[in-house]
Amino acid sequence: MDVEEDRESPFDDEASDSTDEDNEDGPGHESFKEEEVALPPDFEWLEELYKEDDGDGDLAVAAVSGEKRSYAETARMFKLRRNLDQLDCFHRQKEHDVQKAREELKLCRQNIESVLEQRENLEEKMEEQKAADNSVAVFRTRAQHKLLCQKLQSEEELEGHINTELKQQELELSEVEVELGRFSSLRQEVQEEERAFGVLKKQKATKRLQQKRKASQHQQLRMQHLRDKQASMLKKEEAECQRKIEEGRASRKVAAKYLKETIKSMQQQEAEKEQQNRELLEKRMQAVKSLKSNIAATQESLRVNQSRARAKAQKEEQRQRQLRESLQAEGFNSIQHMYQQKQLEEMQRKQEQLEERQKSKRVEIVEKILQEGPLVESRKRNPPPTPKLSLTDKYPSLRRAREKLLHYLDRRPPTATEERAAIQLRDFSSSSSASSDVDDQEESTNQEEDHPSLSDSLAEPEFSGLWDQNYKKLLNEKTTLEQAEVKQEEPAMAIGKLNLPPKKVLEKELKGPPFLSKPEVILFKDFELGKTYKKKIVLTNISYITNHCKLLGVSTHLKDFITINFDPPGSLSTGMSCDTQAVFQPMINEDLEGEVRFASAVCPFSVPVRCTIKKCDMKVDNQFIDFGSHVVGQTVSWTITLTNKGALASRFSLDTSACLSPETSHVQMASHVSANTSQETSSPNTTSDSQSSSVSMGTGKLQAEEESQELSEHPGPGAIPETCVSTDVDAQMDQSNSDFGDISLGNVKEGEIGPFESIRLEVIFTPTIPGESKLDFHIRFSDLTSKPIPIQVKGVAVSVPVWVVQPSIDLKICMFDRLYQDSIVVQSRASTALKLTFEVCPEMRKHMEILPKTGFIQAQSRFKAQLKFLPRISLSKDAMELFDEDTGVLEVPLTVLVAGQFMEVQPNDGFGTLLPQETLEVDLIFSANKAKEYSFQLHCKSGINRDFPVTCQAVGVRPPLQLSHSLVQFGATAVGDRSTAMLYLTNHQTNHQTINHQNQQPAPPVTKDTMAPPRMFSFSLPQPSDLSITPSAGRLLPGERCLIQVTFRPRLLDDDIREEALRLFLRAKLLREKELERSRQAELEAKKDLPVETSKGKKAPVIPKNSKVSDVPQTELLTESPEPADIQPGSEHFEEARASLLYSFTQRYSEHTVSCFVSDGDPPEEDLQAQPAWSSFNTLYLQLQCPTVQPPLVVTSNNGHKSIDFHQVAVGEKVVKRFTVQNISKESLDLRSSVLDVHGPFSLLNALRCIRPGETHTLVLAFSPSLEKKFSETLEVRCQKMTLEMTLRGEGVLPAVTCSHPGGLLDLGYVLEKESTLHVLKMQNSSAVAVGFRVQLASLCPSRPPGGADGVASLLGRYSGSQLQPTVGTQNLSGLSVFSVLPAEGSIAPGQSQDLMVSFQPDHPSVCYSDRMTVELRNKSVVCVLDLRGAASSHNMYLCGGDPLTVPIESLLPPLITAQPQITESEVMEKPTIPVLVTLRAGYSGGAINPAVRELQVGSIRSTQPSKKSGEFHWENVASLQQQGFTVEPSKGIVETGHKRTVTITWSPHSGYKPYEVVQTCVPLTLKGDETNVYRVTLMATLSSAAD
């Protein structure tokens, strides 16, 4: 068996151990000595314990002899203890198995005995059924007998199986006990050794504890010394702090003094400016007066000139007519002659224009020469060390190709000196090329076009010096080094063999090795130390003869790591192959390269071997990022992917701290940036080279002069390496790359990249200054073998936010006198509207037209213009200069002029009409895009071509905080709806630089440790308004930004609603007055129409009393008009007025300007509650445009309120409410709703639909709380034009309902059959809400147990041996419920009560009526559970009590009822008696006997029939009962109707009673009522040691 195999191993170990102990000098001892070498891993802790021993004593010293034991003997002691413990555990397991088998055998035998007993009883019962001739019962009994026989057989088989297993277990147990006896002496020895080991271990622990105490004392001394040192340092710091505080106070006093002087001077300057403004205003008034007089004179002169021009035109027309007539008279073609005259005049005009252009170009050339003069002089004064330029310097592409080639040939990193030299060379070449003449630039461009592929094709180089001086030299050096290494590594013989010349085989020259290796290179990639790698190599004979192969060996440096398993295959024909195996066992973590050498009949050959460690192979998908051109303020991102193709993980970081070339700085564009701007944006740390480049790109004479002065002050190009390591540059490089220029890095700046993983890195371009931006950064790695990856980023920022989507329009081949059209699309990124003007060159104005010529492009939109091209025959003459000489293609330049970049003139964009003696106010709106001083002129032109220049000066201030949007345009928002806009407030300051707003000069630079102070902000909203801003105030740290949410909620003002209510009231009052007036007039007319003659015996009709007109004035019947303040929100008048305004609402537009005040810093530390300093220059303004429209959807129910309050609702109940919405728009609305919380208490019960204009829709909402708390949720009803928000509120309350009955048993007593009895229960509701309840009976519950025989079996099985009745007992035979409750369900108002009437109405006699009544609330909580009990009898007298003799289940068959004659009194004794069992048990304790007492109840049932009367009872043979110790009190008596009598039975043992003897006697009990019943009462008594 498996058990035996499992137990053999520990016994064998113990046997070997015992053998080694008994025969120490024998072979067993030698084997044990061998075992000492390899210690199991379980005892590694023991080795560490020995290492901790300091030599004072061995841990394995014997306690008795004092001799030292070896380390292996101590380990043997622990091993023996472990084996002995395993043997003990095995013995306990076997004992447990034997005991378990014996118990199973005993249980099996008991089962067999019980089955045999059941079979015997069943056989007896079968005989009885056969005697009674009950065939059905016989068959059923036989089936049961068969089942018992089968069960008996299976039990007997199980007994035999268990008996066999028991014997086997006992055998194994005996074997284990024998083994235990064998190792008893060994156990004693191990115990002695363990005691000795424990003593030594305690000694070691005591010594270690002493050492730790000493170390603790030393540590305490060191801590005390450290605390003393810290205290002395703290005192020094406090003294230093106090000194700094005093110095700060003194400096503040000095600053306050200078501040007062500054304020005084500022006030004086302001007064002077005010005086100047007054004088200027007087001058302007005088100018206006003179202008008016000039206008009058000009108008007069204009009329004169117009009359002169008309006369001149008439004379010219007359002259031309005369000329035409004279030419026609002479026979000439007058039209051709006049056309030629016009052409001559046009040619003269063009010639004059050409001469003017040439003059202007000459002037420009002279200006450029004058500009370059100071620069040339400065260069002459400071001549730079000009290197000798080679041809590669003349051609930049060749220089880059040379650098790239040298980089690949020489992988060593360049030194700092070489880098600086390269930077000088590049800068010098760029500056020289930038300062050269235009003709030189064209010549260099042509030369580059002639040699476009010099930088790409290096197969046949034109410049031999590059290859001869570098590549060949490096190649020769590498070849020499490789040959030297080969000579050192390889033996001389092998070298001679391997370098043999190729042989000819079968007159064919064999090229390459004679054997082909597969794989060609034996590669062990990404190996790990301590592992073994195997590689199979297949060598195939590819020579032309039968060849053989012989292994010569591997490279010398690979012999310790690589083993070749090769069996010589013998001769191999062509095409055949042999196998070999290379085994690699790495011992050093280095790359290894070598070869496996073989010999063949033709020539020797080798197979390369390459072993590579785990490396990082980092690659990026793009090393050059070009964002292109983007507008200032736009944000563009670019993602690059960093991939690790190697098997080694590494950390990476993005490093921008390298010394940047001047190309990375911003280069100002000459067409967009003025000289003043370039001066202000230049940094003090800008190098001389960048300044020289800006000189070459200057825009005016002033800029050239100022920058030439700067060049004279700074050193020449030779100082470039020094500027690269300046302190200011280092301070800037220490900042994060996100703060560098316009190009920043994303959130992922460092991290870890695993093997074969990829990480996406984000580069963000946010242009803020027009010009070109560059950023060079490196991706560095923690792995030293991975070189940094350089990344170059480039982007161009454009200040003009308007561009043409398609800058080139190709009209293909066109024909004369045909119209061709196309669209010109202009896109704007600006936040305001801009004016566009399209201009066509003068040569093409006869043939090309753009409509419209002038337009306005709105913010963030596009503008389309129509291009019309109608080529005339004269096109070739008119636009001769626009045709390309080579291709003949017509290229027409079109110009789009954009006005209003930072100035805006209102109203009407600066256009208008000014009447005589009229004054017009014009608003000049200035928006600065840079923080600088602005000085420009505006020209006001009149219709008579008069120009009035207006000199404007402004100062642009950049506040410390910046809004992402200064204008928010909300969409058309309906009343009751809301619109939300999200924007950011950013603190873009990083360094503490304060700006003087008077002269806009930055403060001196500070150190990098000084950071900008935090800024506090606060939005000021106009009141009252429909706007809200969240958060309205806050605090921002440098570089931090805050999300601002602006919400626009248009609503109707309460004052407007009250005025509308008053208007409606007055209108209704007038209507009522008109109706009363009309009724009065109608009554008066009716009186006039009545007849007044009564002489004919007719009586005048009598006006009824109710038709009389009251004489009370009508004004008194009308109520007085209320005051507007008396109309409160929520009233009927208020809601009617609100609905009226909504139905008649028109569009409304409003604009608001919200101020955002920005502080200069935090409050002073002395008083944190004080207000911080605020500056008006830092105030931000947010313009909000808020259009409001009529709501298409309104609420018509609930008085127009948008909140539905369900109030308090009991937990678990559901309350339904409705609200109605109406479509008041002129379009159909498709209603949708938001999703309510699926786990919440609110739910929408009906679906939404499309409603037409004027229709309504009702939404049904339900509230069903599940917890005791307040709930609130928002339901959004959406349509195409608005969102209607409904607030749902409700509170869940736990119901508090109690019942008058505590629960449990409710016994309704005995009832005559077919009669009933009632019991009333009261339910009290103590909660504040109405609570619904429901009463359930278990007999009517659908989950009750099934009826019939199966139900009986389940009940019998459940209540076997129990005195309890089942939950649902006997029911009526008629099918009606025996128990009923009214009402079965209902609701209890708060603080009220409800009566429940429980009725019991049986239809046949039984004592087993039972049911379970459950009262639960609608939330499924149970108030009470009652077990209903009842009994029914056919007679008015009954007896209850005693022990049960039958199961509490009534027979399935109803009793057989037969007609019987009246029973006489003499026949009473012949009736069958009713058995009753009463068990009494007396107690014996403390030498005294406690008598046993039992009680029986004799009762009389109250009936509705008057014939029923009281009954009586009496016991017979009472004297015989007393002889056996029984006493019955009372022995007889009378029981009134509806009452019960208690009969007490007492038993005390008589003097001759024997212990444990059962006393039994029977006595009849006669009950007399409407019938006489005799009960046969059996009394059984016994004595026990304790009372029951």
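Read on for an overview of the structure. Just so it is clear, the structure is predicted and the values come from calculations on it, not from any experiment.

### Here we look at the overall build of the protein chain
Secondary structure summary: the protein chain contains 24 helices and 69 strands in total. Per-residue burial over the protein chain gives 30% buried out of 1588 residues. In the protein chain, once contacts between residues fewer than 6 apart in sequence are set aside, the share between residues at least 24 apart is 71%.

### Let's talk about the state of the cysteines
Enumeration over the complete set of coordinates arrives at zero disulfides. In this structure C1299 is a free cysteine whose sulfur lies 3.7 Å from that of C1424, the closest cysteine sulfur available.

### Some words on the packing of helix α4 (residues 71–131) against helix α5 (residues 135–182)
Working note: a packed helix pair is described by the angle between its axes plus the distance between those axes. Their axes nearest at 7 Å, the elements α4 and α5 cross at an angle of 160 degrees. Between α4 and α5, the crossing angle belongs to the class labelled roughly antiparallel. The interaxial crossing formed by α4 with α5 has left-handed handedness. Among the residues forming the contact of α4 with α5, the class breakdown is 22 nonpolar, nine polar and 19 charged.

### Considering unusual backbone geometry
Between K518 and P519 the backbone carries a cis peptide bond, its omega angle lying at 10 degrees. Within the element layout of this structure, P519 appears in the loop between β3 (515–518) and β4 (522–527).

### Comments concerning the pairing of strand β18 (residues 771–781)
Note: strand β14 (residues 650–655) against β18, four bridges, orientation antiparallel. For S653, the partnering residue across the bridge sits in β18 and is R780. Here β18 runs beside strand β19 (residues 789–798); their pairing, made up of nine bridges, is antiparallel. Bridged to H778 within β19 is P790.

### Quick notes on the sheet that holds strand β65 (residues 1526–1529)
Ordered in space as β60-β63-β67-β65, the four strands form an open sheet in which the pairing is antiparallel. At either end of the open sheet lies a strand with only one pairing partner, and these are β60 (1437–1440) and β65. On average, each strand axis in the sheet is inclined to that of its neighbour by 20 degrees, with strand direction left out of account. Note that β60 and strand β63 (residues 1492–1500) share four bridges and pair antiparallel. Residue pairing in the sheet places M1437 in a bridge with S1500 of β63.

### Focus on a nonpolar patch on the surface
On the surface, a nonpolar cluster with roughly 430 Å² of combined accessible area is contributed by L914, L920, V922, L924 and V950. On the secondary structure map, L914 appears in the loop between β27 (903–906) and β28 (923–926). Residue classification places L914 among the exposed residues on the basis of a relative accessible area of 54%.

### Quick notes on the pairing of strand β22 (residues 834–840)
In β22, alternate side chains face the same way, and those of L834, L836, F838 and V840 are buried while those of K835, T837 and E839 on the opposite face are not. Sheet analysis places β22 next to strand β24 (residues 854–857), joined by four bridges and oriented antiparallel. The residue bridging L834 from the neighbouring strand is I857, located in β24.

### Concerning the environment of H1301
Structurally, H1301 is set in the loop between β51 (1297–1299) and β52 (1304–1312). H1301 sits in the buried class, given a relative accessible area of 15%. It is 8.0 Å that separates the C-alpha atoms of H1301 and C1424, two residues lying 123 residues apart in sequence. If we ignore the near neighbours within four places in the chain, the residues touching H1301 are L1306, L1321 and L1426.

### Quick notes on the nonpolar core
Residues L1480, W1515, V1577 and L1579 are the most contacted members of the largest nonpolar core, which totals 29 residues. Examining the composition of this core, we find that five residues originate from one element, strand β69 (residues 1572–1584), more than from any other. Residue contacts for W1515: discarding those within four places in its chain leaves L1496, V1528, P1530, S1531, V1543, I1545, V1563, P1564, L1565 and V1577. Counting residues in hydrophobic clusters, the runner-up holds 28 residues, among them V1297, F1379, M1413 and L1426.

### Concerning the packing of aromatic side chains
Across all of its chains, the model carries 21 aromatic pairs by this definition. With a centroid separation of 6.0 Å and an interplanar angle of 80 degrees, the aromatic rings of F627 and W638 are classed as edge-to-face. With a gap of 11 residues between them, F627 in strand β12 (residues 624–631) and W638 in strand β13 (residues 636–644) connect regions that are remote in the sequence. Using a relative accessible area of 8% as the deciding quantity, one classes F627 as buried. Ring centres 5.6 Å apart and planes at 35 degrees place the aromatic pair F970 and F1048 in the tilted group. Taken as a pair, F970 in the loop between β32 (967–969) and β33 (973–974) and F1048 in strand β38 (residues 1041–1048) lie far apart in primary sequence, 78 residues in all. Classification of F970 by relative accessible area gives buried; the value is 8%. Ring pairs connect the aromatic residues F515, F566, F598 and F605, which therefore count as one cluster. Geometry around F524 places K535 over its ring, the cationic atom sitting 5.9 Å from the centre.

### A word on the sheet that holds strand β25 (residues 862–869)
Strand order in this open sheet of four strands is β20-β21-β25-β23, and the pairing throughout is antiparallel. What marks the edges here is a single partner per strand, and that holds for β20 (802–804) and β23 (848–851). Each neighbouring strand pair of the sheet contributes to a mean axis angle of 25 degrees, computed without reference to strand direction. The pairing of strand β21 (residues 820–828) with β25 spans eight bridges and is classified as antiparallel. Of the residues in β25, the one forming a bridge with V825 is K864.

### Some remarks on a negative patch on the surface
Residues E117, E120, E123, E124, E127 and E128 make up a contiguous surface patch of negative charge. Residue placement: E117 occurs in helix α4.

### Looking at the pattern of salt bridges
Considering all chains together, one arrives at 37 salt bridges under this definition. Across the salt bridge formed by E346 and R349, the nearest N and O atoms sit 1.7 Å from each other. Of this pair, E346 and R349 both sit in helix α7 (residues 334–381), three residues apart, which is roughly one turn of the helix. Residue R349 is classed as partly exposed on the basis of its relative accessible area of 36%. Here D591 ties to K615 by a salt bridge, and the two come within 2.1 Å at their closest N and O atoms. With D591 in the loop between β8 (577–584) and β9 (592–600) and K615 in the loop between β10 (605–613) and β11 (618–620), this residue pair connects regions lying 24 residues apart in the sequence.

### Digging into helix α22 (residues 1132–1143)
With 12 residues, α22 should cover 16 Å at 1.5 Å per step; its first-to-last C-alpha distance of 17 Å lies within 8% of that length. Along α22, the positions that sit buried rather than exposed are F1134, E1135, A1137, L1141 and L1142. Take α22 and look down its axis: the buried residues cluster within an arc of 160 degrees, on one side only. In this fold, the buried residues of α22 make contact with α20 (1054–1088) and β41 (1193–1195).

Cut-offs applied
- Per chain, residue numbering runs from 1 following the sequence as it is written.
- Thresholds applied to this predicted model are a pLDDT of at least 70 for local features of residues and 80 or more for the giving and counting of side-chain atom pairs; totals over whole chains, interfaces and linings are not thresholded and use all residues.
- To get the side-chain values, take all heavy atoms of the structure and skip hydrogens and water.
- Under the scheme used here, helices are H or I runs from DSSP no shorter than 4 residues and strands are E runs no shorter than 2 residues, and both carry numbers assigned from the N terminus.
- Residue exposure (1.4 Å probe, protein chains only): buried if accessible area is under 20% of the type maximum, exposed if over 50%, otherwise partly exposed.
- In what follows, residue pairs with any heavy atoms lying within 4.5 Å of each other are defined as contacts.
- Here, a disulfide means two cysteine sulfur atoms that sit within 2.5 Å of each other.
- Here the axes come from fitting lines to C-alpha atoms, over the contacting stretch only for helices, and the angles between their N-to-C directions go from 0 to 180 degrees.
- Under this scheme an angle from 65 to 115 degrees is roughly perpendicular, one under 35 degrees roughly parallel, and one over 145 degrees roughly antiparallel; angles in between are oblique.
- Two helices cross in a left-handed way if the nearer one is turned anticlockwise from the farther one by less than a right angle. They cross in a right-handed way if the turn is clockwise.
- Only Asp, Glu, Lys and Arg are considered charged in this grouping, and only Ala, Val, Leu, Ile, Met, Phe, Trp, Tyr, Cys and Pro are considered nonpolar; every other residue, Gly among them, is considered polar.
- If DSSP finds at least two bridges between two strands, the strands pair.
- Surface patches are defined over residues having more than 30% relative accessible area and no salt bridge, joining like charges when they lie within 9 Å and nonpolar side chains (Val, Leu, Ile, Met, Phe, Trp, Tyr) when within 5 Å.
- All accessibility values rest on the Shrake-Rupley procedure with a 1.4 Å probe; residue burial counts only the protein chains present in the view.
- We define a salt bridge as a side-chain nitrogen of Lys or Arg found within 4 Å of a carboxyl oxygen belonging to Asp or Glu.
- Here, the term nonpolar core denotes a set of buried Ala, Val, Leu, Ile, Met, Phe, Trp, Tyr and Cys residues that are joined through side-chain atoms within 4.5 Å.
- When the centres of two rings from Phe, Tyr and Trp lie within 6.5 Å, Trp using its six-membered ring, the rings pair. Their planes under 30 degrees apart give stacked, over 60 give edge-to-face, and anything left gives tilted.
- Counted as over-ring charges are cases with an Arg CZ or a Lys NZ within 6 Å of the ring centre that also lie within 35 degrees of the ring normal.
- Charged residues are defined narrowly, with Lys and Arg counted positive, Asp and Glu counted negative, and His plus the chain ends left uncounted.
- Think of each charge as sitting on NZ of Lys, CZ of Arg, CG of Asp or CD of Glu.
- In this analysis, the expected span of each helix is defined as 1.5 Å times one less than the number of residues it contains.
- The arc in question is the one spanned by the directions pointing from the helix axis to the C-beta atoms.

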